[in-house]
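The residues making up each chain are set out below.
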Amino acid sequence: VAPDVSVLLPGSGEVEARVTQQLAQTPLFAARFREASSRALLLPRRRPGGRTPLWQQRKRASDLLAAASKYPAFPMLLETYRECLRDVFDLPALVETLKAVESRAMKLEVHDPVTPSPFASSLLFGYVANYIYEGDAPLAERRAQALSVDPLQLRELLGDAELRELLDADVLHEVEAQLQFRDEQSRARSKDALHDVLLKLGDLSRAELAARSVSHEVAAAIDALVAEKRAVELKVGGEQRFVAVEHAARYRDALGVPLPLGLPTTLLEPVPDALGELLMRYARTHAPFPAGEPAARFGLTRIGVTRALDALTRAGRLLEGAFRPKGLEHEWSDGEVLARVRRRSLAKARREIEPVEPAAFGRLLGSWHGVTRKRRGLDATLDVVEKLQGLPLPASMLETEILPARLEQYLPSDLDALAAAGEVLWVGVEPMGERDGRVALYLTDHLTRLYRPPPLDESTLPRREQQVLDVLRARGASFFTDLHAACGGGFPPETLDALWSLVWRGVITNDSFFALRSLWLKAGSGRRDRRESLDGRAFRSRRAVTPMSEGRWALVQSRGLSEASATERSHALAQQLLNRYGLVTREVAGAEGIPGGFTAVSQVFSALEEAGKARRGYFVSGVGAMQFALPSVLELLRSYRAAPPSPEVVMLSAVAPANPYGALLAWPKVTGEAASGPTRSAGAQVVLVDGALVLWLSRGGQRAFAWLPEDEVERQKVAKAIATRLAERAPRRLERHEGLLLEINGKNASEHPLAAALEQAGFTKTASGVQSRRASFGRRARRA
């Protein structure tokens, strides 16, 4: 018998002293002291307006508390004691209650409830609600947190429908297989083990015994057990099954099954609540189950079984609820079984929220940008531009590498049609030599928020550039012929040079892409009377127009850039980075060339996190912990943990945003004698296999860096995938460049392990390196 609880209560005269003595050592006292000291301005901020990390606040408050503890009358100490004893604990009310118990004015009774008290329920409910409804957490985080709290509180908070989603279906099947001795480790290996299976599981047919035995010989040992009267054969649920003799009386009393003669009298004693015992054993050996399953198993009515299960639930022996994923009715479960399933589901959920490898992030970007599943049409082109807008890209790579990698059967006429419709425009960023430059694409309506015009000192501009600006401000968009005449005529290349100088300053743009293509296509040198496009179509111009001057020229400022504030631009930039990458790290500032670095947008990301539109955490390993991601992206990212059924090989431009290496992720370490490592330069290409970087190819294909797996089998698979992809691209590349793969990792390409796979894919070894047979044949034909 439990002792009288009243003797365990402290006295009303000593309770305040005992609580006060122990209070100073609790975390509650330290937290309240920090808050009181902060209100009293004893913990000033070093940077007014900026946040102080919580660990730093605790450290400074701890130092102050250690110094103030020498002075018991220190005001903040007294205020902290007052808050804890009066506001938190309400010690006067406790003293009054204890006095009432001592004077017999209040009676003390012990009650053992099956559910938490209203006070405890409010605490648990508030804790779970604060976490779940604080933001739109991904499924893995929500499951990991919700599985760590009480199921009864979860049912009140989430309801039955969502509670089903907390337990993992695979874990349910795995646990039930172990409970039913169907897995390889727990199957019966001898006659005695077969008898133990009967003791733990109850009635089993011959087929069920065979499924729980390691061999047919062990399953056949049931006949020996029957002969030794250690088991009996009964008809249960309309089927012949074997039952351990120790439990035969339960089936007689619960199901009315007649027992064979000759059983020991000690085993035939009446069993109280025999049906309840059968159902309890069924619950201990099964995952959560509906009432219909044991009813069908034992040949009973569903109503009778439900009543028996309800009685066991009221007695606290079973739990009732909605547990199975995608279930449609209530289930019952043993508490230990359910706790086992919850622990394993929690462990699996925690594994899901662990940071993924960089290769998974590489696969995510390939899917996010549509590289692995290309689309076609004007809508697809607009979607691509929407992800790329604001990113400086080489003009020579835009329509030869960037867009074709994302669009199936890309046609330059699609981009021209969108530009003519006023949907898309381009802005110059910087020149790259005489024949190329970096440009940024924009959707017209987004230009105001995303484009930040660079400062322009017109007093330092050359005379012709100033004339061009004056004419465009006065007349608006103009063709080159009209613009050149309005500037005073003269030598046309002088006006053209002034135009392109202003283009690279970010001041002037064009309403078409013809002039941009002429900058680096063959039409810009040699045949000046012929206009060519990337899809092979050409026409002979009927106008005396200088190449690289096609289309109408206009001021970028005429798009109304002054309407957006700095805050709107920062917010739009942060949203654009999330839209472009899905997951953003601190390293994105260097890759994008953001003015002011990552600090310029970090506050916006924090605000997006507080609003539930972005998640902050450590999602990708090997990268800085400052990571922000869209909630929907996290589920997609974690789904790429498992390797695809066949190698996913992608060849991209090194400067493409779908290539995270060298921008969001660091380049892998290079082994070899190379003087310099890989770079995100125009014309360079990368090969990704299942998201992992395996090859970097320089412009012209003469230098390469390779990263092959250490496992020989995986090395051959990756090498074959690289060789196949290079063989597909080599003929087009080698028509412009004389060689391919002269060196890999600083050594002759023919000596690298990748050379054997390249030779099988159609390449040939030479003294200088490795080259395509088809390309070499083409050069010999041209020389002939």
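None of these values were measured; they are calculated from a predicted model. (Residues numbered from 1 in each chain as written. Predicted model: local features only at pLDDT ≥ 70, side-chain atom pairs only at ≥ 80, totals over all residues. Heavy atoms only, no water.)

Enquirer: Looking at this model, I keep getting lost on the overall build of the protein. Mind explaining?
Expert: Helix and strand counts for the protein stand at 35 helices and 23 strands. Within the protein, counting contacts between residues at least 6 apart in sequence, those at least 24 apart form 66% of the total. For the protein, the accessible surface area stands at approximately 40100 Å², while carbon and sulfur atoms represent 53% of it. (Helix = DSSP H or I, 4+ residues; strand = E, 2+ residues; numbered from the N terminus. Contact = heavy atoms within 4.5 Å. Areas by Shrake-Rupley, 256 points an atom, 1.4 Å probe, with all protein chains shown as cover.)

Enquirer: Help me out: how do you make sense of the sheet that holds strand 6 (residues 424–431) in this one?
Expert: Sheet strands line up and pair through hydrogen bonds in the backbone, either parallel or antiparallel. Read across the sheet, three strands follow the order 5-7-6 without closing on themselves; strand pairing throughout is antiparallel. Each edge of the open sheet is held by one strand with a lone partner, namely strand 5 (393–394) and strand 6. Alignment of strand 6 against strand 7 (residues 437–443), held across seven bridges, turns out to be antiparallel. Bridge assignment links Glu430 to a residue of strand 7, and that residue is Arg438. (Pairing = 2+ DSSP bridges.)

Enquirer: Would you mind going over the pairing of strand 17 (residues 685–689) with me for this structure?
Expert: Counted residue by residue, strand 17 has five buried out of five residues, so it is predominantly covered. Where strand 16 (residues 649–653) and strand 17 come together, five bridges link them in antiparallel fashion. Within the sheet, the bridge partner assigned to Val650 lies in strand 17 and is Leu688. What sits between the antiparallel neighbours strand 17 and strand 18 (residues 692–697) is a turn of two residues, in which Asp690 has the positive phi angle 55 degrees. (Buried < 20%, exposed > 50% of the residue type's maximum accessible area, 1.4 Å probe, protein only.)

Enquirer: Can you help me understand helix 10 (residues 169–179) in this one?
Expert: Three- or four-residue spacings in an α-helix give side chains the same orientation, since the helix completes a turn every 3.6 residues. Along helix 10, the residues classified as buried are Val171, Leu172, Val175, Glu176, Ala177 and Leu179. Against the buried residues of helix 10 lie helix 11 (191–201), helix 16 (274–284) and helix 19 (335–352). For helix 10, the side-chain oxygen to backbone nitrogen distance between the N-cap and Asp170 is 2.9 Å, and the N-cap itself is Asp168. (Polar contact = N/O pair within 3.5 Å; in protein donor to acceptor, adjacent residues only side chain to side chain.)

Enquirer: How should the nonpolar core be read in this particular structure?
Expert: The tendency in soluble globular proteins is for nonpolar side chains to be buried as a group. If you look at the biggest cluster of nonpolar residues, it comprises 95 residues, and the most contacted ones within it are Phe361, Val468, Trp500, Ile508, Phe605, Val620 and Leu637. Considering every element that reaches this core, the biggest residue donor is helix 27 (residues 492–504), with seven residues. Beyond its immediate stretch of four places on either side in the chain, Phe361 contacts Tyr581, Leu583, Val620, Leu637, Pro660, Leu664 and Leu665. Judged by nonpolar contacts, the second largest core, of 28 residues, contains Val243, Ala274, Ala283 and Val305. (Core = buried A, V, L, I, M, F, W, Y, C linked by side-chain atoms within 4.5 Å.)

Enquirer: What is the right way to read the sheet that holds strand 14 (residues 615–617) from this model?
Expert: In spatial order, the strands read 13-15-14; together these three strands make up an open sheet with antiparallel pairing. The open sheet has two edge strands with one neighbour each: strand 13 (583–585) and strand 14. Within this sheet the neighbouring strands show an average axis-to-axis angle of 25 degrees, counted without direction. Pairing of strand 13 with strand 15 (residues 627–629), which is carried by three bridges, proceeds in the antiparallel orientation. Following the sheet pairing, Leu583 is matched in strand 15 by Ala629. Against the sheet, helix 31 (residues 599–610) contacts strand 13, strand 14 and strand 15, and its axis sits at roughly 50 degrees relative to strand 15. (Axes fitted to C-alpha atoms, helices over the stretch in contact; angles between N-to-C directions.)

Enquirer: Is there a simple way to think about the pattern of salt bridges in this case?
Expert: Pairing between side chains becomes possible if they bear opposite charge and their charged atoms approach one another. Tallied over the entire structure, the rule returns 32 salt bridges. A salt bridge links Arg517 to Glu399, with the shortest nitrogen-to-oxygen separation between them at 2.6 Å. Here the residue Arg517 occupies a position in helix 28 (residues 514–518), and Glu399 occupies one in helix 22 (residues 395–402), the gap between them amounting to 118 residues. A relative accessible area of 2% places Arg517 in the buried class. Assessed through its relative accessible area of 7%, Glu399 is described here as buried. (Salt bridge = Lys/Arg side-chain N within 4 Å of Asp/Glu carboxyl O.)

Enquirer: I would appreciate a short explanation of the packing of aromatic side chains in the present structure.
Expert: Pairs of aromatic rings are described using the distance from one ring centre to the other and the angle between the two planes. Per the counting criterion, the structure on display carries 10 aromatic pairs. Ring geometry for Trp500 against Trp504: centres 5.7 Å apart, planes inclined by 35 degrees, an arrangement best described as tilted. Linking Trp500 with Trp504, this pair stays in helix 27, spanning four residues, or about one helical turn. The same class applies to Trp500 and to Trp504, which are both buried. Members of the aromatic cluster, each reached through a chain of ring pairs, are Trp426, Trp500, Trp504 and Trp553. Against the face of Trp368 rests Lys387, its NZ or CZ located 5.3 Å from the ring centre. (Phe/Tyr/Trp six-rings, centres within 6.5 Å; stacked < 30°, edge-to-face > 60°. Lys NZ or Arg CZ within 6 Å of the ring centre and 35° of its normal.)

Enquirer: How do you make sense of the side chain of His484 when you look at a structure like this?
Expert: Structurally, His484 is set in helix 26 (residues 480–486). The buried category is assigned to His484, whose relative accessible area is 11%. Within polar-contact distance, the side chain of His484 engages the side chain of Thr495 at 2.7 Å. When sequence neighbours within four positions are dropped, the list of residues in contact with His484 reads Arg464, Gly489, Gly490, Phe491, Pro492 and Thr495.

Enquirer: How do you make sense of the packing of helix 1 (residues 15–23) against helix 5 (residues 91–102) when you look at a structure like this?
Expert: The relative placement of two packed helices comes down to the angle between their axes together with the axis-to-axis distance. Remark: helix 1 packs on helix 5, axes separated minimally by 10 Å, with the N-to-C direction vectors making an angle of 145 degrees. Both helix 1 and helix 5 take part in a crossing whose hand is right-handed. Contacts between helix 1 and helix 5 pair Val15, Glu16 and Val19 from the former with Leu91, Leu94, Val95 and Leu98 from the latter. (Left-handed = near helix turned anticlockwise from the far one by under 90°.)

Enquirer: It is not clear to me how the confidence of the model for the protein should be interpreted in this structure. Could you clarify?
Expert: Predicted coordinates in areas of low pLDDT are best not read in detail. Put simply, the protein has an average pLDDT of 81, and 86% of its residues get 70 or more. Scored below 50 in pLDDT, residues 157–162 shows 12 contacts in the model against residues more than four places distant or in partner chains. In this model, residues 730–739 is a region of pLDDT below 50 whose contacts with residues beyond four sequence positions or in other chains number 24 contacts. (pLDDT = per-residue confidence, 0-100.)

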